[in-house]
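Coordinate inspection notes
Here is how the chains run, residue by residue.
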Amino acid sequence: MIEAAPQRATPGLRKRRWPAPRIGLAVAALVAAAAGAAAWRSETPLSALPHGPVLDRAVARGVLRVGVRSYPRPAPPEAPTPPEPDSFDATLAARLAASLGVRLELVGLASEAQTAALRQGEVDVLFAGVPESGAPEGVAIAPGNYSPGRGMVVALRKGRIQDTTALRGATVCAGEGSSYARTVSSRYGAVPKRYPSGVHAVSAFMAGECAALVEDAEVLDRLLQDGQWRFYRPLVSALDAADGAGVRLPEGDAASRDYLSAALRRWESDGTLDRARIARGGNLRLEIAQLRDGLVCHS
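Residues numbered from 1 in each chain as written. Predicted model: local features only at pLDDT ≥ 70, side-chain atom pairs only at ≥ 80, totals over all residues. Heavy atoms only, no water.

**Considering the nonpolar core**
Counting residues in each nonpolar core, the largest one holds 34 residues, and the members touching the most others are Leu64, Val66, Leu96, Phe127 and Trp267. Beyond its immediate chain neighbours, meaning those up to four positions away, leucine 64 contacts Leu55, Ala58, Ala93, Leu96, Ala97, Leu100, Val102, Arg103, Leu104, Glu105 and Asp124. The next biggest cluster of nonpolar side chains, apart from the first, holds 21 residues, and it includes Met152, Cys210, Leu213 and Trp229. (Core = buried A, V, L, I, M, F, W, Y, C linked by side-chain atoms within 4.5 Å. Buried < 20%, exposed > 50% of the residue type's maximum accessible area, 1.4 Å probe, protein only. Contact = heavy atoms within 4.5 Å.)

**A short note on the pattern of salt bridges**
Taken as a whole and assessed by the stated rule, the structure comprises 12 salt bridges. Linking arginine 280 and glutamate 215 is a salt bridge whose minimum nitrogen-to-oxygen distance equals 3.3 Å. Of the two residues, arginine 280 is situated in helix H9 (residues 272-292) and glutamate 215 in strand E11 (residues 212-216); the sequence distance between them amounts to 65 residues. For glutamate 215, a relative accessible area of 6% corresponds to the buried category. Between aspartate 258 and arginine 257 there is a salt bridge, and its shortest N-O distance comes to 3.2 Å. Taking relative accessible area as the criterion, arginine 257 reaches 29% and is therefore assigned partly exposed. (Salt bridge = Lys/Arg side-chain N within 4 Å of Asp/Glu carboxyl O. Helix = DSSP H or I, 4+ residues; strand = E, 2+ residues; numbered from the N terminus.)

**Quick look at helix H3 (residues 87-100)**
In a regular helix each residue adds 1.5 Å, so 14 residues correspond to 20 Å; H3 covers 20 Å between its end C-alpha atoms and thus fits that length. Burial analysis of H3 places 12 of its 14 residues in the buried class, the great majority of the element. Buried within H3 we find Phe88, Asp89, Ala90, Leu92, Ala93, Ala94, Arg95, Leu96, Ala97, Ala98, Ser99 and Leu100. By the N-cap criterion, in which a side-chain oxygen at the helix start approaches the backbone nitrogen of a residue two or three places on, H3 is capped by aspartate 86, the distance to phenylalanine 88 being 3.0 Å. Directly beyond the C-terminal end of H3, a positive phi value near 70° is found at glycine 101. (Expected span 1.5 Å × (residues − 1). Polar contact = N/O pair within 3.5 Å; in protein donor to acceptor, adjacent residues only side chain to side chain.)

**Looking at helix H8 (residues 254-269)**
Note: α-helices contain 3.6 residues per turn, so residues at a spacing of three or four share the same orientation. Taking 1.5 Å of rise per residue, the 16 residues of H8 would be expected to cover 22 Å, and the 22 Å separating its terminal C-alpha atoms lies within 8% of that figure. Immediately beyond the C-terminal end of H8, within one or two residues, lies glycine 271, with a positive phi of roughly 90°.

**Some points on the confidence of the model for the chain**
Mean pLDDT over the chain: 83, with 82% of residues reaching 70 or higher. Confidence drops under a pLDDT of 50 for residues 1-41, and excluding neighbours within four residues, the segment shows 47 contacts in the predicted structure. (pLDDT = per-residue confidence, 0-100.)

**Topic: the state of the cysteines**
All chains considered together, the criterion is met by 1 disulfide. Linked covalently through their sulfurs, cysteine 173 and cysteine 210 form a disulfide whose S-S length is 2.1 Å. The disulfide joining cysteine 173 to cysteine 210 has a torsion of about 90° about its S-S bond and is therefore right-handed. Taken together, the positions of cysteine 173 in strand E9 (residues 171-175) and cysteine 210 in the loop between helix H6 (198-206) and E11 put the pair 37 residues apart, joining distant regions of the chain. For the pair cysteine 173 and cysteine 210, one class covers both residues: buried. (Disulfide = S-S within 2.5 Å.)

**Observations concerning the environment of valine 191**
The topology assignment puts valine 191 in strand E10 (residues 191-195). When the C-alpha positions of valine 191 and threonine 171 are compared, they lie 4.7 Å apart, and in sequence the two are 20 residues distant. Discounting chain neighbours no more than four positions away, the residues touching valine 191 are Gly169, Ala170, Thr171 and Val172.

Written out as structure tokens, the structure is:
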């Protein structure tokens, strides 16, 4: 377990048309009241919003336990490094802990262990990327955009994948929890091959383990400017993230789920998600550069 210090962080108004003009004043009053409530919630600090049993237990304990993705960074074969938390997950977990006014405890979890850790109470919530499918039994997903941005698919310039139709049935390297893997699967019929992290996926792709690679365009745009990447080209340049946030919690706690959903909306509107995504991209490019320098990833 790795500890990190906390830091700090809107549901929109859905308008409804009423057919009878004679109740216009009543409608206006209802809309005004709803707008006032929405404005209050958007202006209210996240820490002041109500939360349910899951988050209340963390507050009572004084520690928020968040399950995150983790992976070993590139290192020489003779000196492998232990897994460390994904920087994107850790940043958002720290913002959540700060909003609750509690200490943060990060718990690095492999994908196959995440659901069990949540069900058994080893962690309060999961900030671990977008799951491969919908939430399993006993697990809820907080609505919201976990990883806004633009994805990209790249392939060899002279490889067998020359257009998107050739992606059907082809393997595509993707980091665990990638917000674009599900999209490339549902839209093009590709078969994502999951790796512990983005740098593992890049390393595997360059080693020829997959026909293509999907990753955030923030990363691949820069890599394609590198001479080492002259053999690759963009196949899809503007790939949307998959629906389904990566914030999960035990099922049955609507209040905590709504708090987490409000947090995602707040972080999207104030730029927190974008800043965390860009920082993650910088970290990933540095790790990929270390691969070129002769360091290798250890799983």
